[in-house]
Amino acid sequence: MVEQYTGKDRRYAGDDVDITYSLKRCIHAEFCVKRLSAVFDKNARPWINANGASPDEMTSVVELCPSGALHYDRKDGVQEAIPEKNVIKIRHNGPLEVRGDLAIEGATVALAQETRASLCRCGASNNKPFCDNTHKEIQFEPVEAVSIDEVPSPSESGKLVITACENGPLELNGPVEIINEAGGFLFQGNGTALCRCGGSGNKPFCDGTHERIHFKAE
Ligand code: FES
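Residues numbered from 1 in each chain as written. Predicted model: local features only at pLDDT ≥ 70, side-chain atom pairs only at ≥ 80, totals over all residues. Heavy atoms only, no water.

Digging into the domain arrangement of the protein
The parts lose accessible area when they come together, and the size of an interface is often stated as this lost area. The condition that has to hold: Either an automatic procedure or a domain database provided the assignment from which the domain bounds are taken. Two parts placed together each lose some accessible area; with a 1.4 Å probe, that loss summed over both constitutes the buried area. The term salt bridge refers to a side-chain nitrogen of Lys or Arg lying within 4 Å of a carboxyl oxygen of Asp or Glu. N or O atoms within 3.5 Å of each other form a polar contact, as long as, within protein, one can give a hydrogen and the other can take it, and as long as residues adjacent in sequence are counted only when both atoms are side-chain atoms. Residue classes follow a fixed rule: Ala, Val, Leu, Ile, Met, Phe, Trp, Tyr, Cys and Pro count as nonpolar, while Asp, Glu, Lys and Arg count as charged, and any other residue, Gly among them, counts as polar.
When its domains are assigned, the protein resolves into domain 1 (10-74) and domain 2 (87-212). Per-residue buried area on domain 1 facing domain 2 is highest for Arg25, Ile27 and Pro66; these three make up 55% of the total on that side. Summed over the shared surface of domain 1 and domain 2, the result is one salt bridge. For the pair domain 1 and domain 2, the interface holds 13 residue pairs in polar contact (both at pLDDT 80 or more). Of the residues belonging to the side of domain 1 that touches domain 2, the class tally is six nonpolar, four polar and three charged.

Okay, structure coming up:
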C-alpha cells in the first residue's frame, strides 16, 4: 500500500510560533532564505530558528512559500487566512501553482485543508501529485496555452477539491480561476480536469492522452 501524505513532517518549535516543514514538498523557491535568513538558514542546524524574528515577520514569509512546504502554528491562535478565491497559475515550463481554499486527495495524498501547493504537470515528479522540480531535469517545455480576452466575472468562493485521479488527470471540483504565468486568463468555472501526464495536446487541460501513453502516476 502506498503511504498517504498528510502534511506536516517536521516541527521547529519557537516561543510564540512553531514552524512546520515538509521536505517532500519543498521545491526550493527560496523565498524564505532570501527574505528572512535570521530564521531560515540552509547552513545552520537546525536550519529553521523559530525564535529568529517576530511572529508577524516569520508568518508573513511562511505564507509566501508557493509549495506549501512551510506552515506555522501561532500560539496566539492567529491562523493563515484562507484566500477568498482559488487560483491556479500555470508556471512557464513548470508546475501548477495553486492557492486557495483547497483539499487535495488521491492515492498518495489526503490533505483536507490546504492553502498552497505546487502540483506536477510534467508527469515525471517522483512525489506526485506534488512537483519535485524534475521538470527541470527532463527539460519540460510545453506549448503553453494562450490566454483568452474574456474578462472574468468575480470568482465565487468555496472549497476547491483537487483529486489526483489514478493514472489520470487532476480533477477540479469547486470554483477556480486558471491563469498563465503572465496573469492571462485561461479558465473560470466550477470544474475541469488538468493534465498531469505531460502529454496533453491541449495543456493545461486533459485531453485523454494519458490513456494512449499509458501514464502511470502511482
Ligand atoms: S492527464 Fe495528461 S492528457 Fe490526461
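Notes on the environment of Asn127
Defined as follows: Each helix is a run of DSSP H or I of at least 4 residues and each strand a run of E of at least 2, with the numbering of both proceeding from the N terminus. The contact rule is simple, with two residues in contact once any of their heavy atoms fall within 4.5 Å.
Positionally, Asn127 belongs in the loop between strand 6 (109-119) and helix 3 (134-137). Residues Asn127 and Asn43, spaced 84 residues apart in sequence, show a C-alpha to C-alpha distance of 25 Å. In contact with Asn127, other than residues within four places in its own chain, are Lys24, Arg25 and Asp132. Engagement of the side chain of Asn127 in a polar contact is seen with the backbone oxygen of Lys24, the distance being 2.8 Å.

Description of the UniProt feature "domain: Iron-binding zinc finger CDGSH type" (unreviewed entry) in the protein
Stated formally: UniProt positions are given in the numbering used here, feature names are shortened, and annotations may be inferred rather than shown by experiment.
What UniProt calls "domain: Iron-binding zinc finger CDGSH type" (unreviewed entry) maps, in this numbering, to residues 105-141 and 173-216. The span residues 173-216 carries 9% helix and 41% strand; its end-to-end C-alpha distance comes to 23 Å.

With respect to the nonpolar core
We count it as follows: Take the buried Ala, Val, Leu, Ile, Met, Phe, Trp, Tyr and Cys residues and link them wherever side-chain atoms come within 4.5 Å; each set so joined is a nonpolar core. Residue exposure (1.4 Å probe, protein chains only): buried if accessible area is under 20% of the type maximum, exposed if over 50%, otherwise partly exposed.
Core analysis: the largest hydrophobic core is formed by 23 residues, its most contacted members being Ile88 and Ile178. Elements represented by at least two residues in this core include exactly strand 4 (87-90), strand 5 (96-106), strand 6, strand 7 (160-164), strand 8 (170-180) and strand 9 (185-194). Excluding residues that lie within four positions of it along the chain, Ile178 makes contacts with Ile88, Ile90, Leu172, Gly184, Phe185, Leu186, Phe187, Thr192, Leu194 and Phe205. Counting 21 residues, the second largest nonpolar core, distinct from the first, contains Val33, Val39, Phe40 and Met58.

Some points on unusual backbone geometry
Leaving glycine out, the prevailing phi sign among residues is negative, and the prevailing peptide bond configuration is trans. Going from Arg45 to Pro46, the amide bond is cis rather than trans, its omega being -5°. Position of Pro46 among the secondary structure elements: in the loop between helix 1 (31-35) and helix 2 (55-62). Residue Pro204 is reached from Lys203 by a cis peptide bond, and omega for that bond is 10°. When you line up the elements, Pro204 lands in the loop between strand 9 and helix 4 (209-212). One non-glycine residue, Asn93, adopts positive backbone phi at about 55°. When you line up the elements, Asn93 lands in the loop between strand 4 and strand 5. In this structure, Gln139 takes a positive phi of about 55° despite not being glycine. As for its position among the elements, Gln139 is in the loop between helix 3 and strand 7. Among the residues examined, Gln139 registers a relative accessible area of 60% and is labelled exposed.

Thoughts on the sheet that holds strand 1 (residues 10-12)
The following threshold applies: Two strands pair under a simple rule: DSSP has to find at least two bridges between them. Comment: axis = line fitted to C-alpha atoms, over the contacting stretch for helices; angle = value between 0 and 180 degrees taken between N-to-C directions.
Read from one edge of the open sheet, three strands run 1-2-3, paired in antiparallel fashion. Each of the sheet's edge strands pairs with one partner strand only, and the pair in question is strand 1 and strand 3 (70-74). Put simply, the sheet's adjacent strands are angled 25° from each other on average, direction ignored. Bridge analysis of strand 2 (residues 17-21) against strand 3 gives five bridges, and the strand direction is antiparallel. Bridge pairing links Ile19 to Tyr72 in strand 3. Helix 2 rests against strand 2 and strand 3 of the sheet, and its axis sits at about 150° to strand 3.

A look at the pattern of salt bridges
Side-chain pairing between opposite charges can occur once the charged atoms of the two side chains come close. One pass over the structure, following the stated rule, counts 14 salt bridges. Of the charged contacts, one joins Asp73 and Arg11 as a salt bridge, the two residues approaching to 2.8 Å between their closest N and O atoms. In this pair, Asp73 is assigned in strand 3 and Arg11 in strand 1, connecting sequence segments 62 residues apart. Under the relative-accessibility criterion, Asp73 is labelled partly exposed at 27%. With relative accessibility at 46%, the residue Arg11 sits in the partly exposed group. Because the salt bridges share partners, they merge into one network encompassing Arg11, Asp18, Asp73 and Lys75.

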